[in-house]
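Analysis of the macromolecular model
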Amino acid sequence: MNQTTSSGAPGLHASAGKVWLVGAGPGDPDLLTLRAARLIMGARLIVHDGLVDPRILAMAPAGARLVSVAKRRSRHSMPQDEINALLVREALAGGEVLRLKGGDPFIFGRGGEEAEACIAAGVAVEVVPGISAAVGAGAAALLPLTHRDAASVVSFVSGQCKGLTDQNWAGLAGVGRTLVIYMGLATATQIAEKLIADGLSPETPLAVVENATRPDMRVLRSPLAALADLVERERVQSPALIIIGAVTARPPSELRQVALEAIK
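Residues numbered from 1 in each chain as written. Predicted model: local features only at pLDDT ≥ 70, side-chain atom pairs only at ≥ 80, totals over all residues. Heavy atoms only, no water.

**Side note on the packing of aromatic side chains**
For any pair of aromatic rings, geometry is given as the distance between the ring centres together with the angle between the planes. Our working rule: Stacked, tilted and edge-to-face are the three classes assigned to paired rings of Phe, Tyr and Trp, where Trp is represented by its six-membered ring and a pair needs centres within 6.5 Å; plane angles under 30 degrees give stacked, over 60 edge-to-face, the rest tilted. Only DSSP runs of H or I with at least four residues qualify as helices, and only runs of E with at least two residues qualify as strands; both kinds are numbered from the N terminus onward. Exposure classes here rest on a 1.4 Å probe applied to the protein chains alone. A residue is buried below 20% of its type maximum, exposed above 50%, and partly exposed in between.
According to the stated counting rule, one finds 2 aromatic pairs in the structure shown. Geometrically, the ring pair formed by Phe 108 and Tyr 182 is tilted, given 4.9 Å between the ring centres and 55° between the ring planes. Of the two residues, Phe 108 is situated in the loop between strand S6 (96–101) and helix H4 (111–120) and Tyr 182 in strand S9 (residues 176–182); the sequence distance between them amounts to 74 residues. The partly exposed category is assigned to Phe 108, whose relative accessible area is 37%. Following the ring pairs from residue to residue traces out a cluster consisting of Phe 108, Phe 156 and Tyr 182.

As structure tokens, this is what we get:
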């Protein structure tokens, strides 16, 4: 990848390669960082998630080896422990490994687990941040996650975390707050019930942003109580984010529609 590899730091194997944990952003290749684009275009091995846009993968050199470790609704083509082992094994063999993730590696990307595995094995690792899915979705859909008149607090949660019903989400959504839920399609019913049980009004506005920043992006709206019906009726598919709070009613619908048409 035409990058300098650190090998003299304490605990690192001098003959080992290196792992880059790279954020591919929310979808649109134009939203890659310059560093991410350079690494992709010089990569020899790319281990990528299923949500990385095909146009980004097409930037890799013709001889690059592409390994998909896609995860879809709890069905993993490769368990996380095996992904960690793959990265470490390839690097210890002297390879330079680009681990490419949708959004940002450290926001629900399991980048922390992979970095820890590399460090424990004495493999040099570097993180290249990316525009997170939440930031990209909000910008593309003209939904300001914070707004002086609507929200001064933003929270990110996972809709597929272990023990979802036991998680304490009290205070994460409501007046002056925006809640962004990743990976929440399969648990939309439980999410709505949970938030309403925690005191949120069933009429709280929300938006579901599907395929954020891509030409087929959709922004769907409903009150909280109708979230599950919306997901089922519109056949919403991953990648999609659920954004809950007053900011989803902004800006005026006429301006929002003009902006959505402009990116298609």
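That shown, we press on.
**Some thoughts on the packing of helix H3 (residues 80–92) against H4**
This is how the line gets drawn: Fitting a line to C-alpha atoms yields each axis, with helices limited to the stretch in contact; the angle taken between N-to-C directions then spans 0 to 180 degrees. With respect to orientation, any angle under 35 degrees is reported as roughly parallel, any angle over 145 as roughly antiparallel, any angle of 65 to 115 as roughly perpendicular, and every other angle as oblique. Each crossing gets its handedness from the near helix: less than a right angle anticlockwise from the far helix is left-handed, clockwise is right-handed. We call two residues in contact when some of their heavy atoms are within 4.5 Å. Each residue gets one of three labels, nonpolar for Ala, Val, Leu, Ile, Met, Phe, Trp, Tyr, Cys and Pro, charged for Asp, Glu, Lys and Arg, and polar for the others, Gly among them.
The geometry of H3 relative to H4 is characterised by a closest axis approach of 9 Å and an angle of 45° between their N-to-C directions. Put simply, H3 runs oblique to H4. Like other packed secondary-structure pairs, H3 and H4 cross with a definite hand, here right-handed. Of the residues in H4, those touching H3 at Gln 80, Ile 83, Asn 84, Leu 87 and Val 88 are Glu 113, Glu 114, Ala 117 and Cys 118. Its residues placed into classes, the contact of H3 with H4 shows 5 nonpolar, 2 polar and 2 charged.

**Brief notes about the environment of Arg 177**
Following the sequence through the fold, Arg 177 ends up in strand S9. On a C-alpha basis, the gap between Arg 177 and Ala 246 in space is 7.9 Å, while along the polypeptide they are 69 residues apart.

**A look at the nonpolar core**
Applied cut-off: For this analysis, a nonpolar core means a set of buried residues of the types Ala, Val, Leu, Ile, Met, Phe, Trp, Tyr and Cys, connected via side-chain atoms within 4.5 Å.
Residues Ile 181, Leu 195, Val 208, Leu 227 and Ile 244 are the most contacted members of the largest nonpolar core, which totals 24 residues. Counting residues per element, the ones that place at least two in this core are S9, helix H6 (188–197), strand S10 (205–210), helix H7 (227–233) and strand S12 (240–244). Beyond its immediate sequence surroundings of up to four residues, Ile 181 is in contact with Val 157, Gly 159, Trp 169, Ile 191, Leu 241, Ile 242 and Ile 244. Counting 18 residues, the second largest nonpolar core, distinct from the first, contains Ile 46, Val 52, Ala 64 and Leu 98.

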